Amino acid sequence: MTISKEMQQKLLIYQRNEITEHHIYAKLARAIKSPENQRILEEIANDELRHYGDWRKHTQQDVKPDKLKIWKYYLISRIFGFTFGIKLMEQGEEDAQENYEQLRGIIEEAATIIRDENEHEDALIELLDEERLRYTGSIVLGLNDALVELTGALAGLTFALQNTRLIALTGLITGIAAALSMGASEYLSTQSEETVKNPVRASIYTGSAYVVTVFVLILPYLVLENLYDCLACTLAAAVLIIGFFNYYISVAKGVPFKRRFFEMTGLSLGVAALSFFIGFIIRSFLGVDI
């Protein structure tokens with residue numbers, strides 16, 4: 001079948017996407033230990049290679065993969081988990097599916113490729129057996145608790161103590177003690193439930209999420225001098241943490257982003273505002289001047 005110059009250019013772009021994704025899936029398959037996950041990734045990689053061959057029949061040209069894209073998604077998958085990396089890449093593949101739809105009826109192989117791409121989504125859902133996602137609830141517990149409690153505590157301490165180093169010291173001691181307490185509580189809670197989660201790992205995930213959040217929120221009080229600049233940076237950091245984490249979960253688990261983001265942000269900032277007001281009341285009532 002003779003194709004136009006414009007159609008050939010489109011097919012060459014699709015061809016490059018397919019060979020690039022083939023290398024990404026193949027590279028991830030070699031890095032993953034789970035035999036079942038490895039098998040599925042290899043199967044998808046072979047599908048992508050076949051799609052490349054289908055497009056090549058019409059272009060009669062070979063194209064090289066996008067090496068930057070290969071390393072980009074490989075590194076994202078290694079750092080944030082293969083589920084997140086693959087899901088993020090698959091979001092881009094949805095655009096490719098829409099473009100392929102335009103070729104249905106024009107190029108015979110297009111219908112087969114569209115069907116394969118849809119099967120990829122179903123196969124990838126089965127890949128969600130990843131430890132860090134099994135313990136998402138534990139991470140949410142530590143993260144949310146630290147954000148709500150510590151933004152509130154730091155806001156109250158900012159007005160009550162009026163000293164950045166003293167606020168940082170008090171917040172750090174409070175945060176670490178709370179992290180240990182939350183970790184112990186999560187251990188006991190997980191142990192009492194009928195679940196596949198390991199109580200020790202659940203407590204480590206909860207405590208670690210809490211401690212990391214504590215250090216990020218307290219950092220402005222260690223490097224800046226102005227009290228209100230410190231508080232503003234802490235609140236901004238809290239919003240960024242909430243945004244990043246909710247984006248991660250929305251991609252990896254396919255849950256809505258906006259509702260969770262605004263819910264967590266509203267809770268954290270609401271508690272901070274209330275605590276700042278309480279700090280003002282207590283300082284005025286007790287007549288403390290530090």
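Residues numbered from 1 in each chain as written. Predicted model: local features only at pLDDT ≥ 70, side-chain atom pairs only at ≥ 80, totals over all residues. Heavy atoms only, no water.

As for helix α8 (residues 164–192)
Operational definition: Where helices and strands are cited, they refer to DSSP runs of H or I of at least four residues and of E of at least two residues respectively, numbered from the N terminus. Multiplying one less than the number of residues by 1.5 Å gives the expected span of a helix. Any residue under 20% of the maximum accessible area for its type is buried, any over 50% is exposed, and the rest in between are partly exposed; the area is computed with a 1.4 Å probe on protein chains only. Contact definition: two residues touch when any of their heavy atoms are within 4.5 Å. Pairing of N or O atoms within 3.5 Å defines a polar contact, subject to two protein rules: one partner must be a possible hydrogen donor and the other a possible acceptor, and residues neighboring in sequence count only if both atoms are side-chain atoms.
In this model α8 runs 41 Å from its N-terminal to its C-terminal C-alpha over 29 residues, within 8% of the 42 Å that 1.5 Å per residue would give. Those residues of α8 that fall on the buried side of the exposure criterion are Thr164, Ile167, Ala168, Gly171, Gly175, Ala178, Ala179, Met182, Gly183, Glu186 and Thr190. Looking at the buried positions of α8, the neighbouring elements they touch are α7 (136–161), α9 (199–223) and α10 (227–253). Regarding α8, its N-cap is Asn163, as a side-chain oxygen of that residue lies 3.1 Å from the backbone nitrogen of Arg165 further along.

Focus on the nonpolar core
Quick note on the threshold: What we call a nonpolar core is a set of buried Ala, Val, Leu, Ile, Met, Phe, Trp, Tyr and Cys residues that are connected through their side-chain atoms within 4.5 Å.
The biggest cluster of nonpolar side chains holds 54 residues, and the ones touching the most others in it are Leu147 and Leu217. Tallying contributions element by element places α10 first for this core, with 12 residues. Core analysis: the second largest hydrophobic core is formed by 6 residues, Met7, Tyr14, Ile107 and Ile113 among them.

Quick notes on the packing of aromatic side chains
Note the cut-off: Pairs were defined over the aromatic rings of Phe, Tyr and Trp, the Trp ring being its six-membered one, requiring ring centres within 6.5 Å. Orientation was assigned from the angle between planes: stacked under 30 degrees, edge-to-face over 60, tilted for the rest. Here, a charge over a ring is recorded when the distance from Lys NZ or Arg CZ to the ring centre is within 6 Å and its angle to the ring normal is within 35 degrees.
Enumeration according to the criterion identifies 7 aromatic pairs in this entry. Ring geometry for Phe80 against Phe84: centres 5.8 Å apart, planes inclined by 65 degrees, an arrangement best described as edge-to-face. Overall, the relative accessible area of 29% leaves Phe80 in the partly exposed class. Relative to Phe262, the ring of Phe261 has its centre 5.3 Å away and its plane inclined at 70 degrees; by these criteria the two rings are edge-to-face. Taken together, the aromatic side chains of Phe80, Phe84, Phe244, Tyr247 and Tyr248 make up a single cluster linked through ring pairs. Over the ring of Trp71 we find Lys27; its NZ or CZ atom is 4.2 Å from the centre of that ring. Between Lys27 and the ring centre of Tyr74, over which it is positioned, the NZ or CZ distance is 4.9 Å.

Let's talk about the environment of Thr174
Turning to its location among the elements, Thr174 is positioned in helix α8. When the C-alpha positions of Thr174 and Leu150 are compared, they lie 8.3 Å apart, and in sequence the two are 24 residues distant. Within the structure, Thr174 has its side chain in polar contact with the backbone oxygen of Thr170 (distance 2.7 Å).

What about the packing of α7 against α9?
The line we're drawing: Lines are fitted to the C-alpha atoms to define the axes, a helix being fitted only along its stretch in contact, and any angle between axes, read from their N-to-C directions, falls within 0 to 180 degrees. Angle categories: roughly parallel below 35 degrees, roughly antiparallel above 145, roughly perpendicular from 65 to 115, and oblique for all the rest. It is the rotation of the near helix from the far one that decides the hand of a crossing: anticlockwise by less than a right angle makes it left-handed, clockwise makes it right-handed. Under the grouping applied here, Gly and all other residues not named as nonpolar or charged are polar, the nonpolar ones being Ala, Val, Leu, Ile, Met, Phe, Trp, Tyr, Cys and Pro and the charged ones Asp, Glu, Lys and Arg.
Following both chains from N to C, one finds α7 and α9 inclined at 30 degrees, their axes separated by 8 Å at the closest point. The orientation of α7 with respect to α9, classified from their angle, is roughly parallel. For the pair α7 and α9, the crossing hand works out as right-handed. Residue composition of the contact of α7 with α9, grouped by class: 15 nonpolar, 6 polar and 2 charged.

Observations concerning the environment of Gly85
Its location among the elements puts Gly85 in helix α4 (residues 82–101). The buried category is assigned to Gly85, whose relative accessible area is 2%. For Gly85 and Lys72, which are 13 residues apart along the polypeptide, the C-alpha to C-alpha distance reads 9.2 Å. Contacts of Gly85, omitting those with residues within four sequence positions, involve Tyr73, Ile76 and Ser77.

Focus on unusual backbone geometry
Despite not being glycine, Gln60 has its phi angle at roughly 60 degrees, a positive value. With respect to the helices, strands and loops of the structure, Gln60 is situated in the loop between α2 (35–59) and α3 (67–80).

A short note on the packing of α7 against α10
Packing of α7 against α10 brings their axes to within 10 Å, and their N-to-C directions diverge by 165 degrees. One finds that α7 runs roughly antiparallel with respect to α10. The handedness of the crossing between α7 and α10 is left-handed. Residues Thr136, Ile139, Val140, Leu143, Leu147, Thr151, Leu154, Ala155, Thr158 and Phe159 of α7 touch α10, and the partners they reach there are Leu227, Tyr228, Leu231, Thr234, Leu235, Ala238, Ile241, Ile242, Phe245, Ile249 and Lys253. Grouping the amino acids of the contact of α7 with α10 by side-chain chemistry returns 16 nonpolar, 4 polar and 1 charged.

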